[in-house]
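# Working through the structure, step by step
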Amino acid sequence: MHGNGTEDAGFWAPLGRGGLSSWIFSTDHKRIGLLYLALILAMFAAATVIGVVLRLKLMTPGNTLLGPQTYNALFTLHGVIMIFLVVIPSIPASFGNIIMPLQIGANDVSFPRLNLFSWWLYVLGAVLALVSIFTGSGAPDTGWTFYVPFSERTTTNVNVAVLAVFVLGFSSILTGLNFITTIHRLRAPGLTWNRLPLFVWSLYATAWIQVLATPILGITVLLIFAERVLHLGLFDPGRGGDPLLYQHLFWIYSHPAVYIMILPAMGVVSEIVPVFARKPIFGYKMIAFSSLAIAFAGSLVWAHHMFTSGMSDLAVLIFSFLTFVVAIPSAIKVFNWLSTLYKGSISVEPPLLYTLGFIFMFSVGGLTGLVLGSAGTDIHVHDTYFVVAHFHYVIFGGTGLGMFAAMHYWFPKVFGRGYDARRAAWAFWISFVGMNVLYMPMFVMGLQGMPRRYYDYLPQFARLQFVSTVGSWILVAGLTLMFGNLIAGIRNGRRVGANPWGAATLEWTLASPPPHHDFPQTPVVERGPYDFRGVSADD
Amino acid sequence: MTEMHKDYAAAKMGMWLFLFTEILLFGGLFLLYAAYRHRFVLAFHQAGQALDVVLGGANTVVLITSSLFVALSITALQQGRKVRCQWFLALTILMALVFLVNKYFEWSAKFSHGIYPGSEHLAQLPQGQALFYSLYFAMTGLHGIHVLLGAALLGVVMAFVARDRVRQDDYVLLENAGLYWHLVDLVWIYLFPLFYLIS
Amino acid sequence: MLQAHTNSGGHILGNGFLAFIWAALMVCTAITVLVARVDLGFLNVVAALGVATAKALLVILFFMHLRYENSLLRWMVFMAFVILAICIGFTFFDLAWRP
């Protein structure tokens, strides 16, 4: 990849015998992070293509392009890949691995071999997911939620798919375990909890959710497997079982999991905003604290996914109330970012563009989340396109744009080169327009009663469905331009120095790209992460 | 390169974090148990009578004793008494095997009465009782797998002790294996009253 | 209690002390089996889980050395059980109030 001499190739320089095995068996956190990044982006591309195909089918009513069973399999696949292989690992596994140890002045994570093992588990999970599509009697058609009793009875290949989810969960747990230990044990001297970069704080909160919530998913999917193979009947209403308990178990993980998805992106935003506003972040402690508050409060609200399921009215009330509570720390963050921008000397570089995109999309997604979180309105829009629009705003508009912001922010550090900023800005605006054209109509359709996951629809939805599909094309054009631009940057971007943005966190004190073993001597930290006095861009 | 010495505190913290995941893994099943016991109090009561308190109690004693043995093996290694450590590890593994053999007899007795997951007989029982047995097999089964894994882990550590890869001044692996084994004991401490003593 | 330090900072628990904990666990086991034979109604469940928790505490604090670890680790263990309690407890907002 790097044609230049070894001295400025950093950790890209060949190691040992070089070649593929020096990457896929490397315990270097930077290489493992890049391995994750490559696979995650490949999975993202695959699932995006599936998404575009789904939109193509939905462009016109009636039996077009795909049969209903293929359609069911494809939306399941789109969900499973996007959630478990892309969004859950996205930022923590890639940039968490590459950047977090650098930000705390460590030379690696606490358990480097475990880190490698967790990447291999990710590979195994991806392979199993792939196997589940092409073996057995048809690809799973349950949706990514694997709801019982259908998932117990469908003849499609759910068994292998849930094993894939179990393995991927294990991989996620090991990453979280590694990060918690690393952040506790390997911070550089002087790097107190009050000086910890907010990206690290957000990863810390995320890691706790990964460790404490994921095992519940593990046992839940194991139980589906056991139900299908051993016929335990634990969720079978015909045998006294309660399908709602499955939903409880599933959401006890899967609601906190949305905070696994969004918290690291919030961390990225908290890094980028002060750097491009040239101002210390407003409300450092509140942002750090709100990450932990979101992690904790996020584990108290799972049953707001079940308001129409027939659970008790008391539970509806309590979980609806708690959902409003969890909105508070999220809002704290948004206000703090805006206050940081206020009266800053803002330079609108691509990372900041993606970050502003995040703030807009997340605000729309978050506020419409409250519509879903209040029991009264949820009855009306539950399981409609409104939900689909909401979570695509949060997950794609939030986590996705956060991930792209991270890619544009840390790109010079990882590759030692820059990219074309104008093209990156164009790519952003095209993607941003595309996203909104794609998902905004879904809010409207949802309010009008268009149910999610349906293969066909009434003629009244035809126009908005068509607009939404056109949006997907715009979005794909934007994404293509963005990835093309970044790849061109890797190939022949301008060489950059150690600190092209003038940021104050530790990773920018190292050469770009950083050397194999990170810090030649352990850094001593004497200032906060957003103290820009005396820090300037070096080229 | 990386750290020259091992970070014991990190290794232990990592192990505890892993134990949390095990606790919550079983936690999902305990949730189901609580839910169905709440709904089928009487059926659980009746179904529990069919379980043998003597066998369950014996296994409780076996596991608690094995927990003592693994703790003693750590003390022995800390004092530099390697052979004594190995003996106690061997005894721990022996206890694990006794537990599994006991479990085997218990399960096969149930099987011979037509009580196994998805059996005809279970389908004819009242729903609450069938669910009790489903939970019984799921929870003791998952626990049994953990006994097996724990014993294997202790076996590996025992080999390491023999080769001095785990020794008086570097025994965190033994401690962590011990922690795992105590967790296996811990889960059983709850399984025993919930299944054998609720009649 | 017989405790000493090794050079790597770990606590050594004496054989006698460990045997004492074992004996306490055995006594608890005997108690829980005996109490289960008396019909106390709902209190049977409370007693069974109470004794089990006492046993669990003995194992965690002494066999698993948590009594001798730093407060950070103790807080972590506490939080893990709090989360478990929330998972089970909050589900009963639904289960216990179903019509």
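Please read all numbers here as calculations on a predicted model, not as lab measurements.

### Quick look at the overall build of chain B
From N to C terminus, chain B includes 7 helices and 0 strands. Going from the N terminus to the C terminus, chain B shows its helices and strands as α-α-α-α-α-α-α. Over its C-alpha atoms, taken along the principal directions, chain B stretches across nearly 65 × 30 × 25 Å. Counting only residues that meet the buried cut, chain B has 53% of its 199 residues in that class. For chain B, the proportion of contacts with a sequence separation of at least 24, taken over those separated by at least 6, is 77%.

### A short note on the overall build of chain C
When helices and strands are counted, chain C shows 3 helices and 2 strands. Reading the helices (α) and strands (β) of chain C from amino to carboxyl end gives β-β-α-α-α. The proportion of buried residues among the 99 residues of chain C is 29%.

### A look at the interface of chain C and chain A
Contacts between chain C and chain A engage 10 residues on the former and 12 residues on the latter. Looking at the side of chain C that touches chain A, its residues break down into 7 nonpolar, 1 polar and 2 charged.

### Structural notes on the nonpolar core
All names here are of chain A. Ranked by internal contacts, the top residues of the largest apolar core, which has 282 residues, are V269 and A405. Ranked by residue count, the leading element in this core is helix α9 (residues 243-277), at 24 residues. Each residue touching V269, except ones within four places of it in the same chain, is listed here: W337, T355, F358, I359, G402 and A405.

### Observations regarding the domain arrangement of chain C
Here chain C is described as being made up of domain 1 (3-68) and domain 2 (70-99). Taken over C-alpha atoms, the centre of domain 1 of chain C sits 22 Å from the centre of domain 2 of chain C.

### Brief notes about the interface of chain B and chain C
Taken together, the contact pairs 34 residues of chain B with 33 residues of chain C. Tallied by class, residues from the side of chain B that touches chain C come to 22 nonpolar, 10 polar and 2 charged.

### Some words on the environment of F276 of chain A
All names here are of chain A. The topology assignment puts F276 in helix α9. For F276, a count of 25 C-beta atoms within 10 Å corresponds to the buried category. F276 sits 76 residues away from L352 along the chain, and the two C-alpha atoms are 6.6 Å apart. Beyond its immediate stretch of four places on either side in the chain, F276 contacts I346, S347, E349, P351 and L352.

### Concerning the confidence of the model for chain C
Residues and elements named next belong to chain C. With 90% of its residues at a pLDDT of 70 or more, chain C shows a mean pLDDT of 88. Put simply, strand β1 (residues 3-5) is where chain C has its lowest mean pLDDT, 40, and helix α3 (residues 71-95) is where it has its highest, 96. This stretch, residues 1-8, has a pLDDT under 50; its non-local contacts, to residues over four places away or in other chains, come to 15 contacts.

### Focus on the packing of helix α4 (residues 90-103) of chain A against helix α7 (residues 158-185) of chain A
All names here are of chain A. Where α4 contacts α7, the two axes come as close as 12 Å, and the packing angle between them is 20°. In terms of orientation, α4 lies roughly parallel with respect to α7. Crossing geometry of α4 relative to α7 is assigned as left-handed. In this structure, α4 contributes P92, A93, G96, M100 and P101 to the contact, and α7 contributes T175, F179 and T182. Taken together, the residues of the contact of α4 with α7 sort by class into 5 nonpolar, 3 polar and no charged.

### What to know about helix α3 (residues 68-87) of chain A
Counted at 1.5 Å a residue, the expected span for α3 of chain A with its 20 residues is 28 Å, and the 27 Å between its end C-alpha atoms agrees. Across the 20 residues that make up α3 of chain A, a large majority, 15, are buried.

### Considering unusual backbone geometry
Residue and element names in this part refer to chain A. Geometrically, the link from V148 to P149 is a cis peptide bond, its omega value of -5° lying close to zero. Mapped onto the elements of the fold, P149 is located in the loop between α5 (112-134) and α6 (150-153). For the bond running from S512 to P513, omega is -10°, close enough to zero to count as cis. Tracing the backbone through its elements, the reader meets P513 in the segment after α16 (462-492). Of note in this structure, R453 is not a glycine but carries a positive phi near 70°. Overall, R453 belongs to the partly exposed group, with 13 C-beta atoms counted inside 10 Å.

### Observations concerning the packing of helix α3 (residues 53-78) of chain B against helix α1 (residues 15-37) of chain C
Remark: α3 of chain B packs on α1 of chain C, axes separated minimally by 10 Å, with the N-to-C direction vectors making an angle of 165°. In terms of orientation, α3 of chain B and α1 of chain C fall into the roughly antiparallel class. Handedness of the crossing formed by α3 of chain B with α1 of chain C: right-handed. Touching V53, G57, T60, V61, I64, T65, L68, A71, L72 and T75 of chain B of α3 of chain B are N15, L18, A19, W22, L25, M26, T29 and V33 of chain C, all from α1 of chain C. For the contact of α3 of chain B with α1 of chain C, a count of residues per class yields 12 nonpolar, 6 polar and no charged.

### A short note on the environment of F235 of chain A
Residue and element names in this part refer to chain A. With respect to the element layout, F235 can be found in the loop between α8 (198-230) and α9. Remark: the alpha-carbon pair of F235 and V148, spanning 87 residues in sequence, is separated by 6.9 Å. If near-sequence neighbours (up to four positions away) are discounted, F235 is found in contact with V148, P149, E152, E227, G241, D242, P243, L245 and Y246.

### Things to note about the environment of M442 of chain A
Residues and elements named next belong to chain A. Position of M442 among the secondary structure elements: in helix α15 (residues 421-447). Classification of M442 as buried rests on a count of 25 C-beta atoms within 10 Å. Look past the residues within four positions of M442 in its chain and what remains in contact with it is Y385, V388, A389 and S468.

### Thoughts on helix α4 (residues 82-112) of chain B
Residues and elements named next belong to chain B. Here α4 spans 45 Å end to end across 31 residues, near enough to the 45 Å set by a 1.5 Å rise per residue. Those residues of α4 not exposed but buried are C85, F88, L89, T92, I93, M95, A96 and F99. Structurally, α4 contributes buried residues whose contacts are with α3, α6 (127-162) and α7 (172-196).

Reading guide: rules and limits
Residues numbered from 1 in each chain as written. Chains lettered and ligands numbered in written order. Predicted model: local features only at pLDDT ≥ 70, side-chain atom pairs only at ≥ 80, totals over all residues. Helix = DSSP H or I, 4+ residues; strand = E, 2+ residues; numbered from the N terminus. Buried ≥ 20, exposed ≤ 12 C-beta atoms within 10 Å, placed from the backbone. Contact = placed C-beta atoms within 7 Å. Nonpolar A, V, L, I, M, F, W, Y, C, P; charged D, E, K, R; others polar. Core = buried A, V, L, I, M, F, W, Y, C linked by C-beta atoms within 7 Å. Domains from an automatic or database assignment. pLDDT = per-residue confidence, 0-100. Axes fitted to C-alpha atoms, helices over the stretch in contact; angles between N-to-C directions. Parallel < 35°, antiparallel > 145°, perpendicular 65-115°, else oblique. Left-handed = near helix turned anticlockwise from the far one by under 90°. Expected span 1.5 Å × (residues − 1).

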